[in-house]
Amino acid sequence: MQTEILPAFTGNNELNTESIDRAAALLRAGEVVGIPTETVYGLAANAFDETAVAKIFKAKGRPQDNPLIVHISAFEEIRELVSDVPEAAKKLADAFWPGPLTIILPKSSKIPDAVSAGLPSVAVRMPSHPVARAVIQKADVPLAAPSANLSGSPSPTNAKTVFDDMQGRIPLILDGGSSQVGVESTVITLCTGVPRVLRPGGVTVEQLRAVLGAVEVDDAVLHQLKAGETAASPGMKYKHYAPRADITIVRGSLAQFREYAAKQKEDAFVLCFAGEERYFPHAVPYGAAESDSEQANRLFDALRELDSLGAKTVYARCPSLDGVGLAVYNRLIRAAGFHLIDLTEE
Ligand code: AMP
Ligand code: MG
């Protein structure tokens with residue numbers, strides 16, 4: 001199969017309706033299309049079409065037990081997907097939709113098992129990206145879409161990276177430029193007594209608490225599951241977001257980090273904050289120390305860059321765990337296989 005890339009915008013920054021129409025026609029015909037969203041690029045298919053959804057799993061090499069997020073373009077579309085819309089869901093949608101928040105609710109009978117991976121619930125999001133919204137509207141069906149990378153690789157934040165992973169596997173990618181947020185959506189479930197964050201993202205735990213009151217954070221966000229433990233969010237159990245290099249997160253001040261890095265092998269790389277490159281012989285920056293949103297925006301590209309530079313061993317500066325930093329840390333600790341050295345404890 002040839003993979004075509006079409007521009008999603010015209011020269012004047014308006015939506016390219018020809019490209020959108022082509023994507024929508026393919027989606028209605030049961031094909032899979034790579035589309036930009038504000039979080040990362042998605043691999044979309046008609047959520048009501050079981051055969052089309054199966055093609056997403058095949059293209060990604062995604063394990064069958066990892067459910068997909070269903071994307072809508074207007075709040076009312078949620079009613080077809082879930083069995084009940086609680087007050088908390090309305091509050092969250094009012095505050096954060098369209099945007100990088102995924103809400104899990106008990107599913108309706110219209111959701112194929114392939115989408116929910118056999119779970120009784122479904123994950124729903126309304127993206128803010130104008131291209132994603134236009135494609136959903138034009139296709140006139142909700143779109144099931146995971147991140148558009150091969151399973152296990154860092155999520156793609158631009159069309160070129162989608163092409164690198166999906167070449168020959170899907171017919172079309174819409175190029176809508178770089179994704180703004182750069183990490184996947186925050187996932188919150190309303191199926192538990194107290195709402196619970198299963199995956200941190202661009203909408204922070206602090207923001208969610210301001211709207212809902214009590215919100216829990218699932219253990220799997222920060223810690224490795226123990227053998228035999230089941231993940232509330234199946235995606236959390238997989239080795240994810242991982243480049244080929246062995247990564248170790250090193251928590252401590254810049255001075256402590258520099259002293260530690262200086263003792264490592266000469267060909268080791270450092271994943272540092274912007275502006276710190278000059279202290280290390282091989283360094284890739286992932287955003288400014290004081291900007292969690294810049295770190296989120298840069299992280300996956302930086303991980304892919306480490307691969308392209310042939311990095312084998314990487315020592316990473318540890319992000320703060322506040323705000324969007326929690327999402328950055330959650331992705332980085334998985335990329336590192338939960339390998340963390342804490343110099344502040346010494
Ligand atoms: P991705 O589409 O690659 O961004 O991954 C979607 C994430 O949402 C994965 O971590 C899934 O395990 C999680 N997810 C999707 N649907 C559900 C659900 N019904 N219950 C729990 N987690 C879900
Ligand atoms: Mg993914």
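Above this note sits the structure.
Below or above, wherever it landed, is the structure these notes cover. (Residues numbered from 1 in each chain as written. Chains lettered and ligands numbered in written order. Predicted model: local features only at pLDDT ≥ 70, side-chain atom pairs only at ≥ 80, totals over all residues. Heavy atoms only, no water.)

## Let's talk about the sheet that holds strand 5 (residues 101–106)
Hydrogen bonds between backbone atoms are what pair the strands of a sheet, whose relative direction is either parallel or antiparallel.
Consideration 1: Pairing within the open sheet is mixed, and its 11 strands lie in the order 1-8-2-3-7-4-6-5-9-10-11. Where the open sheet ends on each side, the last strands, each with one partner, are strand 1 (4–7) and strand 11 (216–217).
Consideration 2: Of the strand pairs in this sheet, strand 10 (residues 196–199) and strand 11 are connected by 2 bridges, and their pairing is parallel. By the bridge assignment for strand 11, Arg-196 is matched with Glu-216.
Consideration 3: Seen against the sheet, helix 3 (residues 87–96) touches strand 5 and strand 9 (186–189) and runs at an angle of roughly 165 degrees to strand 5. (Pairing = 2+ DSSP bridges. Helix = DSSP H or I, 4+ residues; strand = E, 2+ residues; numbered from the N terminus. Contact = heavy atoms within 4.5 Å. Axes fitted to C-alpha atoms, helices over the stretch in contact; angles between N-to-C directions.)

## Regarding the pairing of strand 10
Consideration 1: Here 3 bridges tie strand 9 to strand 10, and the two strands are oriented antiparallel to one another. If you follow Val-187 over to strand 10, its bridge partner there is Arg-199.
Consideration 2: The turn linking strand 9 back onto strand 10 is made up of 6 residues.
Consideration 3: Read from strand 10 through helix 7 (residues 205–212) to strand 11, the crossover connection turns out right-handed. (Right-handed = clockwise from strand over helix to strand, strands pointing away.)

## Concerning the nonpolar core
Consideration 1: By size, the foremost hydrophobic cluster in this structure holds 47 residues, and its most contacted members are Ile-78, Trp-97, Leu-101 and Leu-208.
Consideration 2: If you list the elements that add at least two residues to this core, you get strand 3 (42–46), helix 2 (50–60), helix 3, strand 5, strand 6 (121–125), helix 6 (159–166) and helix 7.
Consideration 3: Counting residues per element, this core draws most heavily on helix 2, which supplies 5 residues.
Consideration 4: When residues no more than four places from it in sequence are discounted, the contact partners of Leu-101 are Leu-92, Phe-96, Val-124, Arg-125, Ser-185, Thr-186, Ile-188, Val-203 and Leu-208.
Consideration 5: Within the second largest apolar cluster, 30 residues are counted, among which are Leu-303, Ala-311, Val-328 and Ala-335. (Core = buried A, V, L, I, M, F, W, Y, C linked by side-chain atoms within 4.5 Å. Buried < 20%, exposed > 50% of the residue type's maximum accessible area, 1.4 Å probe, protein only.)

## As for the site of ligand 1
Consideration 1: What surrounds ligand 1 is a group of 20 residues, the closest being Asn-66, Ser-121, Pro-146, Arg-199 and Gly-235.
Consideration 2: Within the contact set of ligand 1, an oxygen atom lies 2.9 Å away from a side-chain nitrogen or oxygen of Asn-66.
Consideration 3: Taking Arg-199, its side chain carries an N or O atom lying 2.9 Å from an oxygen atom of ligand 1.
Consideration 4: With the chains in place, 97% of the 500 Å² that ligand 1 exposes on its own is no longer accessible.
Consideration 5: Of all elements in the fold, only strand 6 and strand 10 reach the threshold of two or more residues within the shell around ligand 1.
Consideration 6: For the shell around ligand 1, the class distribution of residues is 12 nonpolar, 5 polar and 3 charged. (Near = heavy atom within 4 Å. Polar contact = N/O pair within 3.5 Å; in protein donor to acceptor, adjacent residues only side chain to side chain. Areas by Shrake-Rupley, 256 points an atom, 1.4 Å probe, with all protein chains shown as cover. Nonpolar A, V, L, I, M, F, W, Y, C, P; charged D, E, K, R; others polar.)

## A short note on unusual backbone geometry
Consideration 1: Residue Pro-98 is reached from Trp-97 by a cis peptide bond, and omega for that bond is -5 degrees.
Consideration 2: Here Pro-98 lies in the loop between helix 3 and strand 5.
Consideration 3: In this structure, Ala-117 takes a positive phi of about 55 degrees despite not being glycine.

## Structural notes on the packing of aromatic side chains
Consideration 1: Scanning the entire structure with this criterion turns up 5 aromatic pairs.
Consideration 2: Measuring from ring centre to ring centre gives 6.2 Å for Phe-75 and Trp-97, while their planes differ by 55 degrees; the resulting arrangement is tilted. Of this pair, Phe-75 sits in the loop between strand 4 (69–71) and helix 3 while Trp-97 is found in the loop between helix 3 and strand 5, placing the two residues 22 residues apart along the sequence. Each member of the pair, Phe-75 as well as Trp-97, carries the same accessibility label: buried. (Phe/Tyr/Trp six-rings, centres within 6.5 Å; stacked < 30°, edge-to-face > 60°.)

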